[in-house]
Amino acid sequence: LQITIQAASYIQADESRIMVQLRKEKTNKKKWKMHRGQMWVYLDPVKKLVLFDYESGRAKKHALVILDRFAGTVQTDAYGVYDSIAKSKPDLTLAGCNTHVRRKFYEALSNDEENAAKVLACYQPIYAIEAECREKNLSPEQRLKVRQEKAVPLMNKLHELVTALLDHTMPDQPLGKAVRHALDRWPHLQEYLKDGRLEICNNLVENHIRPLALGRKNYLFAGSEEGARRLAMFLSFCGTCRPNKVNPLHWFTDVLERIDQHSIQKLDELLPRQWKQLRDQAILQD
C-alpha cells in the first residue's frame, strides 16, 4: 500500500492522535507511561486506497516518511507541516480544503451572523455543482469542464466578498480569523478548479479517520508502538476494502490462504481493489 500511495499523483492527507502505552526504564518506579502518537492518513481517492502510518509525533520528519518519495498534489487542511514540505519539494503541490475554510465561517455566525451568512450563501451553489457532478458520475474531464464554466465565476465572486470583508473585521474576532484564513489559503483552495480528479475538500480522508476516533472511545490506547503499527496496518486494509465494496473478512480469508504461493512481484494483485477485479474475472483461482 505504501509504495502504491507514493506512486500516485494525487492524494489526500490528514492526521489524528492515538495514545500509546510505552514501557519506562527499569530504574523508574512506574513501569508504564502514556505517549501521544499520531496516525498519519493518506488516501488515493482515484484508486480508493488508504494508508495509515503510525509515527511517534506530528513533526515534519514524520510526514516525510511517506511524502519524501511522493510527487504530485497533496490535498490537506491548513496544518503548517504540509506547507513546509511543499516549500522544500518543488514536485509537490498543495490543494486546500474548502470545507475546512467554510466551517470557520459557520463558527463565526455567532460573532457576525450577517456577513458570515453571506459567505456561506456564496459557498452553497459551489457545493451544489460538486453534488451534481457526483450524481451524474462525471469523468474527471467532464467535471473539469463544468467547474471551469460554472464554479470559477462563483469562486471569483466568493473571493471578492471575502476580500471586501478584510478591512471591516477585527483579526482577533471569529469572522476576522475566518476571513484571513480563507485569503491565506486561497491559492490552494483554487487547485481543484484546475484538475478534475481533485475534490473540493478533504472530507474523504477525514471519513476514513472515523473508525480510529471510534476506537479511541473503546480500546482507549495501543499497548505498544508495535501494537499501534499493527493497528495502522489493519485500518489501512479495512479502510481500503470499504470504498471498493469488498467484505474485509472474505478478503482477509482468501488472501491469507493464497499469499504464501503468490508471486512476490505480483503482490499488488492482492490489494482489495485489484483482488476484487481479478475475482470478478475469475483470474484468481483456488
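Here the structure is a predicted model, which is why all the values come from computation and not from measurement.

Rules used in this analysis
Residues numbered from 1 in each chain as written. Predicted model: local features only at pLDDT ≥ 70, side-chain atom pairs only at ≥ 80, totals over all residues. Heavy atoms only, no water. Helix = DSSP H or I, 4+ residues; strand = E, 2+ residues; numbered from the N terminus. Contact = heavy atoms within 4.5 Å. Areas by Shrake-Rupley, 256 points an atom, 1.4 Å probe, with all protein chains shown as cover. Lys, Arg positive; Asp, Glu negative; His and termini not counted. Charge placed at Lys NZ, Arg CZ, Asp CG, Glu CD. Pairing = 2+ DSSP bridges. Right-handed = clockwise from strand over helix to strand, strands pointing away. Bend = angle between axes of the 7 residues up to and from the residue. Buried < 20%, exposed > 50% of the residue type's maximum accessible area, 1.4 Å probe, protein only. Phe/Tyr/Trp six-rings, centres within 6.5 Å; stacked < 30°, edge-to-face > 60°. Lys NZ or Arg CZ within 6 Å of the ring centre and 35° of its normal. Core = buried A, V, L, I, M, F, W, Y, C linked by side-chain atoms within 4.5 Å. Axes fitted to C-alpha atoms, helices over the stretch in contact; angles between N-to-C directions.

## Side note on the overall build of the protein
Across its full length, the protein carries 11 helices and five strands. Along the first, second and third principal axes, the C-alpha set of the protein runs to 65 × 60 × 35 Å. A separation of at least 24 residues holds for 60% of the contacts in the protein among residues at least 6 apart in sequence. Total accessible area on the protein is roughly 15800 Å²; 52% of this is exposed by carbon and sulfur atoms. Charged side chains in the protein number 45 positive and 36 negative. The centres of these two groups are separated by 6 Å.

## Details of the pairing of strand S4 (residues 72–75)
For strand S1 (residues 10–23) and S4, the ladder comprises three bridges, and the chain directions are parallel. Bridge pairing links Gln12 to Gln75 in S4. As judged from the four bridges shared by S4 and strand S5 (residues 92–95), these two strands associate in the parallel manner. Residue Gly72 lies in a different strand from S5, and its bridge partner there is Leu92. Following the chain from S4 across helix H3 (residues 80–88) to the adjacent parallel S5, one finds a crossover that is right-handed.

## Overview of helix H7 (residues 174–189)
In the structure, H7 departs most strongly from a straight axis at Leu183, where the bend amounts to approximately 35° and where the proline Pro187 lies between one and four residues downstream. Taken together, the buried positions of H7 are Leu175, Gly176, Ala178, Val179, His181, Ala182, Arg185, Trp186 and Leu189. Each element contacted by the buried residues of H7 is listed here: H3, S5, helix H4 (98–107), helix H5 (113–135) and helix H6 (140–165).

## Remarks on unusual backbone geometry
Unlike most non-glycine residues, Asn137 shows phi in positive territory, near 55°. Along the polypeptide, Asn137 turns up in the loop between H5 and H6. Its relative accessible area of 67% is what places Asn137 among the exposed residues. The backbone of Leu220 sits at a positive phi, close to 70°, despite the residue not being glycine. By the element assignment, Leu220 lies in the loop between helix H8 (203–218) and helix H9 (225–241).

## As for the packing of aromatic side chains
Both the distance between ring centres and the angle between the ring planes are used here to describe each pair of aromatic rings. Counted under the stated rule, the structure contains eight aromatic pairs. A ring pair is formed by Phe237 and Trp251, whose centres lie 5.1 Å apart and whose planes are at 45°; its orientation type is tilted. Note that Phe237 is positioned in helix H9 and Trp251 in helix H10 (residues 248–258), a separation of 14 residues in sequence. The two residues Phe237 and Trp251 agree in class, both being buried. With centroids separated by 6.2 Å and ring planes inclined at 85°, the aromatic side chains of Phe237 and Phe252 adopt a geometry described as edge-to-face. Residue Phe237 is found in helix H9, and its partner Phe252 is found in helix H10; the two are separated by 15 residues along the sequence. Positioned above the aromatic ring of Tyr79 is the side chain of Arg58, whose terminal nitrogen or guanidinium carbon lies 3.8 Å from the ring centre.

## Comments concerning the nonpolar core
Among the nonpolar cores identified, the biggest contains 32 residues, and Phe105, Tyr123, Leu158 and Tyr192 are the most heavily contacted of them. Of all the secondary-structure elements, those providing two or more residues to this core are H4, H5, H6 and H7. Apart from residues lying up to four places away in sequence, Leu158 is in contact with Val119, Cys122, Tyr123, Ile126 and Trp186. If you look at the next biggest cluster of nonpolar residues, it comprises 29 residues, including Ile11, Leu51, Ile85 and Leu270.

## Let's talk about the sheet that holds strand S3 (residues 49–55)
Reading across the sheet, the five strands line up as S3-S2-S1-S4-S5 and stay open at both edges, with mixed pairing between neighbours. Every other strand in the sheet has two partners, leaving S3 and S5 as the edge strands with one partner each. Each strand of the sheet is rotated relative to its neighbour by a mean of 35°, with strand direction disregarded. Bridge count for S1 against strand S2 (residues 32–44) is 12 bridges, and the pairing is antiparallel. For Ser16, the partnering residue across the bridge sits in S2 and is Met39. Packed on one face of the sheet, H3 meets S1, S2 and S5 and runs near 150° to S5. Sheet contacts for H8: S1, S2 and S3; angle to S1, the most-contacted strand, approximately 15°.

## Regarding the environment of Asp195
In this fold, Asp195 is placed in the loop between H7 and H8. We classify Asp195 as buried; its relative accessible area is 18%. Between the C-alpha atom of Asp195 and that of Gln148, which follows or precedes it by 47 residues, the distance is 9.9 Å. Once you skip the residues sitting within four places of it in the chain, Asp195 turns out to touch Leu144 and Arg147.

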